[in-house]
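Breakdown of the fold
This is what each chain is made of:
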Amino acid sequence: MIRRSAVLFLAALLPLSAGAGQAHAAGYRYWSFWERDGSAWTYATVGPSLARPADGDVQGFRFSVSEDSGDAAKPRGAAGFDTICARTPAKDGTKRVALVIDFGTPADAPSGEKPPAGRTACAQVAEDATTAEALASVAEPLRYDSNALLCAIAGYPAKGCGEQVATGGKESSPAESAETAGTAEEASPQDDGGSGPSVGLIAGAAVVAVLGAAAVWQVRRRA
């Protein structure tokens, strides 16, 4: 009877674990930053204000709704450095960085806004310039929040920054958006590598482990 009670108790904990994972199912609407090696896009490991590309590099930005780096949409378009920078000759003391800017799809756009057509640009900047400086030279106005999260490129979107979007496409309230404005950047591998399981899953596993240990203790005590 004691063992059966323990099994039932542990079974009752499973929805808690599932609920913790589902609680993190919402995505965040933000600009993600990418680097390209050949034809493959890789989510950048640092933010654009820290990255210092070399002459000939191709980097990209994509606006979309995603939970984390694992499901983030990549920039679209196959143009390489030679194509993007074909009309920008090399110049001493500068470097050329090819940029791919993908404003995303209407489904990812904030309410009342329409994404502009994607574009490419060749930024010719100082040799020690960051990606953020390269982007500013070809796609102003840029907009950042107080945590240095990139909110808008070429003025898009006009408002909002890393706001949470529920699975069904419903946006969070303004208060919730303010509280979670930095979450997209925190969840981004530009901060933490982005290769681990979701926070919700880890939290759920921790709950099961702790409560499960308590159940075992109760069984041994009653025995």
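Residues numbered from 1 in each chain as written. Predicted model: local features only at pLDDT ≥ 70, side-chain atom pairs only at ≥ 80, totals over all residues. Heavy atoms only, no water.

What follows covers the overall build of the protein chain. What the protein chain contains, in helices and strands, is seven helices and eight strands. Relative to its 223 residues, the protein chain shows a buried fraction of 40%. By sequence separation, contacts in the protein chain at least 24 residues apart represent 68% of the contacts at least 6 residues apart. In the structure as shown, the protein chain presents an accessible area of about 12,100 Å², 56% of it carried by carbon and sulfur atoms. (Helix = DSSP H or I, 4+ residues; strand = E, 2+ residues; numbered from the N terminus. Buried < 20%, exposed > 50% of the residue type's maximum accessible area, 1.4 Å probe, protein only. Contact = heavy atoms within 4.5 Å. Areas by Shrake-Rupley, 256 points an atom, 1.4 Å probe, with all protein chains shown as cover.)

This part covers the confidence of the model for the protein chain. Summary statistics for the protein chain give a mean pLDDT of 76 and a share of 63% for residues scoring 70 or more. When the criterion is pLDDT under 50, residues 1–24 qualifies, and its contacts beyond four places in sequence or with other chains add up to 24 contacts. Residue range residues 172–223 is modelled with pLDDT below 50. Its contacts to residues more than four positions away, or to other chains, number 65 contacts. (pLDDT = per-residue confidence, 0-100.)

This brings us to the side chain of Asp108. Counting through the fold element by element, Asp108 comes out in the loop between strand 4 (94–102) and strand 5 (119–126). Arg62 provides the closest opposite charge to the buried, unpaired Asp108, separated from it by 4.4 Å. In this structure, Asp108 is in contact with Arg29, Arg62, Phe63, Ser64 and Val65, ignoring residues within four places of it in sequence. (Lys, Arg positive; Asp, Glu negative; His and termini not counted. Salt bridge = Lys/Arg side-chain N within 4 Å of Asp/Glu carboxyl O.)

Moving on, we get to unusual backbone geometry. Pro141 follows Glu140 through a cis peptide bond whose omega is 0°. Within the fold, Pro141 resides in the loop between helix 3 (131–138) and strand 6 (143–144). With an omega of -5°, the peptide bond running from Tyr156 to Pro157 counts as cis. Following the sequence through the fold, Pro157 ends up in the loop between strand 7 (150–152) and strand 8 (164–165). Notably, Ala148 is not glycine yet its phi reads approximately 70°, a positive angle. Looking at the secondary structure, you find Ala148 in the loop between strand 6 and strand 7. The exposure class of Ala148 is partly exposed, given its relative accessible area of 48%.

Moving on to the packing of aromatic side chains. Tallied over the full model, the rule gives six aromatic pairs. On the numbers, 5.0 Å between centres and 20° between planes, the contact of Phe33 with Phe61 is stacked. Placement of the pair is Phe33 in strand 1 (residues 27–37) and Phe61 in strand 3 (residues 58–66), with a sequence separation of 28 residues. Both rings, one in Phe103 and one in Tyr156, keep their centres 5.9 Å apart while their planes meet at 75°; by these two values the pair is edge-to-face. Within this pair, whereas Phe103 is found in the loop between strand 4 and strand 5, its partner Tyr156 is found in the loop between strand 7 and strand 8, the two being separated by 53 residues in sequence. Residue Phe103 shares its accessibility class with Tyr156, and that shared class is buried. Through pairs of rings, three or more aromatic residues link up here, namely Trp31, Phe63, Phe103 and Tyr156. (Phe/Tyr/Trp six-rings, centres within 6.5 Å; stacked < 30°, edge-to-face > 60°.)

Where helix 3 is concerned, the buried positions are Thr131, Ala132, Ala134 and Leu135. Take helix 3 and look down its axis: the buried residues cluster within an arc of 160°, on one side only. Of the surrounding secondary structure, the elements contacted by the buried residues of helix 3 are strand 1, strand 3, strand 4, strand 5, strand 6 and strand 7. (Arc of directions from axis to C-beta.)

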